[in-house]
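Listed below, chain by chain, are the residues.
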Amino acid sequence: AQSVTQPDIHITVSEGASLELRCNYSYGATPYLFWYVQSPGQGLQLLLKYFSGDTLVQGIKGFEAEFKRSQSSFNLRKPSVHWSDAAEYFCAVGLNYGGSQGNLIFGKGTKLSVKP
Amino acid sequence: DSGVTQTPKHLITATGQRVTLRCSPRSGDLSVYWYQQSLDQGLQFLIQYYNGEERAKGNILERFSAQQFPDLHSELNLSSLELGDSALYFCASSPRGLAGEIADTQYFGPGTRLTVL
């Protein structure tokens, strides 16, 4: 069955430090991969996505993610974290229905806290 | 602002009642998805509509139903409500989501927070 694992429930980093949020997926076909961010009381905002091609993808707010097929991973990174990055981050797999994308399977999320 | 709107923002009701959540997709988007976010289950896909037709079902209870209207807005109906239905309900829309199309991106609305007392 398809699944997404985000091993870290909660991460705290200092402002200005680098960040890496882990995501592993289990899916038989070529995955469509996404990272979304949710601020308290807000909806989900798309940070970046991977469909095909270059395995290093750039997103908004200075985030990037790298798709590693051999490790079934799609980790999110940011070189320097800002206090405004404190939020919950969700990794998701878009199901592949014969080449077209269906619904998303989400991980449980990683809550990011930023220390001043 | 994703362009997806959901009403109401908050809803408080009693067990056994019925409620309707409304979603207006981004202009031009044909697919609408409904998701439920709860503390114990996380984000779960409920159901998808494409251009008025049901396309995929996830973990949607029989007490829940949805539809998409000719103007492409969608409604999620929740009936015989139980305490465990308290959750944040998200609607997302995407331009496509039909077999044979290329990969698509879902844009999420702000959600409706349902509290069942």
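Here the structure is a predicted model, which is why all the values come from computation and not from measurement.

### Observations regarding the overall build of chain A
- For chain A, the helix and strand inventory stands at zero helices and 12 strands.
- For 116 residues, the compact-globule formula gives about 13 Å, and the C-alpha radius of gyration of chain A, at 14 Å, lands near that figure.
- Expressed as lengths along the three principal axes of its C-alpha atoms, the size of chain A is roughly 45 × 30 × 20 Å.
- When the 116 residues of chain A are sorted by exposure, 48% land in the buried category.
- Carbon and sulfur atoms make up 50% of the accessible area of chain A, which amounts to about 5,400 Å² in all.

### A look at the overall build of chain B
- Helix and strand counts for chain B stand at zero helices and 11 strands.
- Mapped in sequence order, the helices and strands of chain B form the string β-β-β-β-β-β-β-β-β-β-β.
- At 14 Å, chain B has a C-alpha radius of gyration in line with the 13 Å of a compact globule built from 117 residues.
- Buried positions account for 50% of the 117 residues belonging to chain B.
- When contacts within chain B are restricted to residue pairs at least 6 apart in sequence, long-range pairs at least 24 apart make up 56% of them.
- Carbon together with sulfur atoms contributes 49% to the accessible area of chain B, which is approximately 5,500 Å² in total.

### Some remarks on the state of the cysteines
- In this structure the tally under the stated criterion is two disulfides over all chains.
- Disulfide pairing is shown between A:Cys23 and A:Cys91; the S-S distance is 2.0 Å. Its S-S torsion of approximately -65° makes the covalent link between A:Cys23 and A:Cys91 left-handed. One end of the pair, A:Cys23, is in the loop between strand E3 (19-21) and strand E4 (24-26); the other, A:Cys91, is in strand E10 (residues 87-97), and 68 residues separate them in sequence. Of the two residues, A:Cys23 and A:Cys91, both sit in the buried class.
- Across the disulfide, B:Cys23 is cross-linked to B:Cys91 (sulfur-sulfur distance 1.8 Å). When the S-S torsion is -50°, as for the bridge of B:Cys23 with B:Cys91, the disulfide is left-handed. Of this pair, B:Cys23 sits in strand E3 (residues 19-24) while B:Cys91 sits in strand E9 (residues 87-94), and the two are 68 residues apart along the sequence. When sorted by exposure, B:Cys23 lands in the same class as B:Cys91, which is buried.

### Points about the side chain of A:Glu64
All names here are of chain A.
- Of note, glutamate 64 is situated in strand E8 (residues 64-68).
- There is a polar contact of 3.2 Å between the side chain of glutamate 64 and the side chain of glutamine 58.
- Excluding its chain neighbours within four sequence positions, the residues that come into contact with glutamate 64 are Leu48, Leu56, Val57, Gln58, Asn75, Leu76 and Arg77.

### Some points on the confidence of the model for chain A
- Of the residues in chain A, 94% reach a pLDDT of 70 or more, and the chain-wide mean stands at 91.
- Mean pLDDT values for the elements of chain A range from 75 in strand E11 (residues 100-106) of chain A up to 98 in E3(A).

### Quick look at the nonpolar core
Residue and element names in this part refer to chain A.
- Counting residues in hydrophobic clusters, the biggest one holds 28 residues, and the most contacted among them are Leu19, Trp35, Leu47, Leu48, Phe74, Leu76 and Tyr89.
- Here the element with the most residues in this core is E10; it accounts for five residues.
- Dropping the residues within four chain positions of it, leucine 76 is found in contact with Leu19, Glu20, Leu21, Trp35, Leu47, Leu48, Phe63, Glu64, Ala65 and Tyr89.

### Considering the pattern of salt bridges
Residues and elements named next belong to chain A.
- Tallied over the entire structure, the rule returns seven salt bridges over all chains.
- With a closest N to O distance of 3.2 Å, glutamate 64 and arginine 77 form a salt bridge. Taken together, the residues glutamate 64 in strand E8 and arginine 77 in strand E9 (residues 73-78) connect sequence positions 13 residues apart.
- Note that lysine 78 is salt-bridged to aspartate 85, the shortest N-O span being 2.8 Å. Residues lysine 78 and aspartate 85 agree in their burial class; the two are buried.
- One salt-bridge network, held together by shared partners, links Glu64, Glu66 and Arg77.

So, how was this worked out
Counting from 1, residues in each chain are numbered in the order their sequence is written. Naming scheme: in the order in which they are written, chains are lettered from A and ligands are numbered from 1. Two thresholds apply to this predicted model, a pLDDT of at least 70 for residue-level local features and 80 or more for giving and counting side-chain atom pairs, whereas whole-chain, interface and lining totals are computed over all residues. Hydrogens are left out, water is left out, and the side-chain values use all remaining heavy atoms of the structure. Counting from the N terminus, the helices are the DSSP runs of H or I reaching at least four residues and the strands are the DSSP runs of E reaching at least two. The reference for a compact globule is 2.2 Å times residues^0.38; the radius of gyration itself is calculated from the C-alpha atoms. Remark: exposure states derive from per-residue accessible area (1.4 Å probe, protein chains only) relative to the maximum for the residue type, with buried under 20%, exposed over 50%, and partly exposed in between. The Shrake-Rupley method, run with a 1.4 Å probe, gives the accessible areas here. Residue values count only the displayed protein chains as cover. Note on definitions: a residue-residue contact is assigned when non-hydrogen atoms from the two residues lie within 4.5 Å. By definition, disulfides here are pairs of cysteine sulfur atoms that lie within 2.5 Å. As used in this structure description, the phrase polar contact means that two N or O atoms lie within 3.5 Å; if the pair is within protein, one of them must be able to donate a hydrogen and the other to accept it, and residues adjacent in sequence are counted only when both atoms belong to side chains. Scored from 0 to 100, pLDDT records how confident the predictor is in each individual residue. For our purposes a nonpolar core is just a set of buried Ala, Val, Leu, Ile, Met, Phe, Trp, Tyr and Cys residues, chained together by side-chain atoms within 4.5 Å. Whenever Lys or Arg places a side-chain nitrogen within 4 Å of a carboxyl oxygen from Asp or Glu, that contact is recorded as a salt bridge.

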